[in-house]
Amino acid sequence: ATLVQTELALQLSSLERGPIARESLATNGLIAVVSTVEEAIDLANDYAPEHLCLLLRDPWNAVPLVKHAGGIFVGEGSPEALGDYTAGPSHVMPTGGTARFFSPIHVGDFTKVINLAAANDRALNRLGPATIALAKAEGLGAHARAIELRLESVRPD
């Protein structure tokens, strides 16, 4: 941790945007000392970083442990800047911990999707009561009634 702090100070002093980076680190940065790689990955998953660099002896073993990150950069040869500009992954990433529930922009974001639902009598009988309860809980009586009317006309399982 001490060596990281020393190197950060050195790097920040020579950067064109050093003051901005220094402020960002002061506000959002963290140097943590942990006992195991698993503990470090747990901490990273809680933080849900935009970028996660796995600078480990065997980074590939840690990849499956990562549940929340915008992008994973595997090993010393994969610095984040390479991924941002030339390696292929999108540079539009979930920030501020939103990697817990958002993905980076990807080709799927540029496609149109239509959801499709098709239920038979058996499915309607099984799902109908729960659907009615949820619709009523949301205060959507017409939705509940639409299911109730259909259940009146379908044959039981």
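These numbers come from a predicted model, not from an experiment.

Cut-offs applied
Residues numbered from 1 in each chain as written. Predicted model: local features only at pLDDT ≥ 70, side-chain atom pairs only at ≥ 80, totals over all residues. Heavy atoms only, no water. Helix = DSSP H or I, 4+ residues; strand = E, 2+ residues; numbered from the N terminus. Rg over C-alpha atoms; globule rule 2.2 N^0.38 Å. Salt bridge = Lys/Arg side-chain N within 4 Å of Asp/Glu carboxyl O. 1 Å grid on protein atoms, 1.4 Å probe; cavity = no way out; pocket = protein on both sides within 12 Å on 5 of 7 lines; lining within 4 Å. Points joined across faces, edges and corners; volume = space filled by probe spheres on them. Nonpolar A, V, L, I, M, F, W, Y, C, P; charged D, E, K, R; others polar. Axes fitted to C-alpha atoms, helices over the stretch in contact; angles between N-to-C directions. Contact = heavy atoms within 4.5 Å. Core = buried A, V, L, I, M, F, W, Y, C linked by side-chain atoms within 4.5 Å. Buried < 20%, exposed > 50% of the residue type's maximum accessible area, 1.4 Å probe, protein only. Patch = residues over 30% accessible without salt bridge, like charges linked within 9 Å, V, L, I, M, F, W, Y side chains within 5 Å. Areas by Shrake-Rupley, 256 points an atom, 1.4 Å probe, with all protein chains shown as cover. Lys, Arg positive; Asp, Glu negative; His and termini not counted. Charge placed at Lys NZ, Arg CZ, Asp CG, Glu CD. Parallel < 35°, antiparallel > 145°, perpendicular 65-115°, else oblique. Left-handed = near helix turned anticlockwise from the far one by under 90°.

Peer 1: Tell me about the overall build of the protein chain, and please be specific about residues and values.
Peer 2: When its secondary structure is counted, the protein chain shows seven helices and two strands. Taken from N to C terminus, the helices and strands of the protein chain fall in the order α-α-α-β-α-β-α-α-α. Its C-alpha atoms give the protein chain a radius of gyration of 25 Å, more than 25% over the compact-globule value 15 Å for 157 residues. By principal-axis analysis of the C-alpha atoms, the protein chain measures approximately 75 × 35 × 30 Å.

Peer 1: Could you give an account of unusual backbone geometry, naming the residues involved and the relevant values?
Peer 2: In this structure, Ala48 is a non-glycine residue whose phi angle is positive, near 55°. In this structure, Ala48 sits in the loop between helix H3 (37-47) and strand S1 (51-54).

Peer 1: I'd like a rundown of the environment of Leu12, residues and numbers included.
Peer 2: Of note, Leu12 is situated in helix H1 (residues 2-14). Sequence spacing of Leu12 and Arg22 is 10 residues, and the spatial spacing of their C-alpha atoms is 6.7 Å.

Peer 1: So, the pattern of salt bridges: which residues are in play, and what are the values?
Peer 2: Under the counting rule described, the total for this entry stands at three salt bridges. Salt-bridge contacts for Glu148 lead to Lys136; the nearest nitrogen and oxygen are separated by 3.2 Å. With Glu148 in helix H7 (residues 141-153) and Lys136 in helix H6 (residues 121-137), this pair connects stretches of sequence that are 12 residues apart. The residue Arg145 makes a salt bridge to Glu148 at a minimum N-O spacing of 3.5 Å. Pair noted here: Arg145 and Glu148 are both in helix H7, with a separation of three residues, about one helical turn. Among the charged side chains, a network of salt bridges with common partners joins Lys136, Arg145, Glu148 and Glu152.

Peer 1: Pulling in residues and values, what's your account of the layout of surface pockets?
Peer 2: Approximately 2100 Å³ is the volume attributed to the largest pocket. Considering the residues around the largest pocket, the lining is formed by 44 residues, among which Leu25, Gly29, Leu30, His51 and Cys53 are closest to the centre. Only H1, helix H2 (18-28), H3, S1 and helix H5 (80-85) provide two or more residues apiece to the lining of the largest pocket. Among the elements that take part in the lining of the largest pocket, H2 stands out by supplying seven residues, more than any other. For the lining of the largest pocket, the residue count by class is 27 nonpolar, 11 polar and six charged.

Peer 1: Which residues make up the packing of H1 against H2, and what are the values?
Peer 2: For the pair H1 and H2, the least separation of the axes is 7 Å and the interaxial angle reads 145°. Mapping the contact onto sequence places Leu8, Leu12 and Ser13 in H1 and Gly18, Ala21, Arg22 and Leu25 in H2.

Peer 1: Can you break down the nonpolar core residue by residue, with the values?
Peer 2: Generally speaking, nonpolar side chains in soluble globular proteins are found buried as a group. Formed by Ile41, Ala44, Leu52, Leu54, Ala62, Val66 and Ala69, the largest nonpolar core amounts to seven residues. Sequence-distant contacts of Ala44, defined by excluding residues within four places in its chain, comprise Pro49, Leu52 and His68. Formed by six residues, the second largest nonpolar core is a distinct cluster that contains Leu124, Ile132, Ala135 and Ala144.

Peer 1: Go over a nonpolar patch on the surface with me, naming the residues and quoting the values.
Peer 2: Residues Val4, Leu8, Leu25 and Ile31 make up a contiguous nonpolar surface patch of roughly 280 Å² in combined accessible area. With respect to the helices, strands and loops of the structure, Leu8 is situated in helix H1.

Peer 1: Can you lay out a negative patch on the surface for me, pointing to particular residues and giving the numbers?
Peer 2: On the surface, Glu38, Glu39, Asp42 and Asp46 cluster together into a patch of negative charge. The class for Asp46 is exposed, based on a relative accessible area of 56%.

Peer 1: Quick rundown of the packing of H6 against H7? Include the residues and the values.
Peer 2: Viewed as axis vectors pointing N to C, H6 and H7 meet at an angle of 155°, and their least axial separation amounts to 8 Å. For the element pair H6 / H7, the angle class is roughly antiparallel. The hand of the H6/H7 crossing is left-handed. In contact with Leu124, Asn125, Gly128, Pro129, Thr131, Ile132, Ala135 and Lys136 of H6, H7 contributes His143, Ala144, Ile147, Glu148, Arg150 and Leu151. In terms of residue class, the contact of H6 with H7 is made up of seven nonpolar, four polar and three charged.

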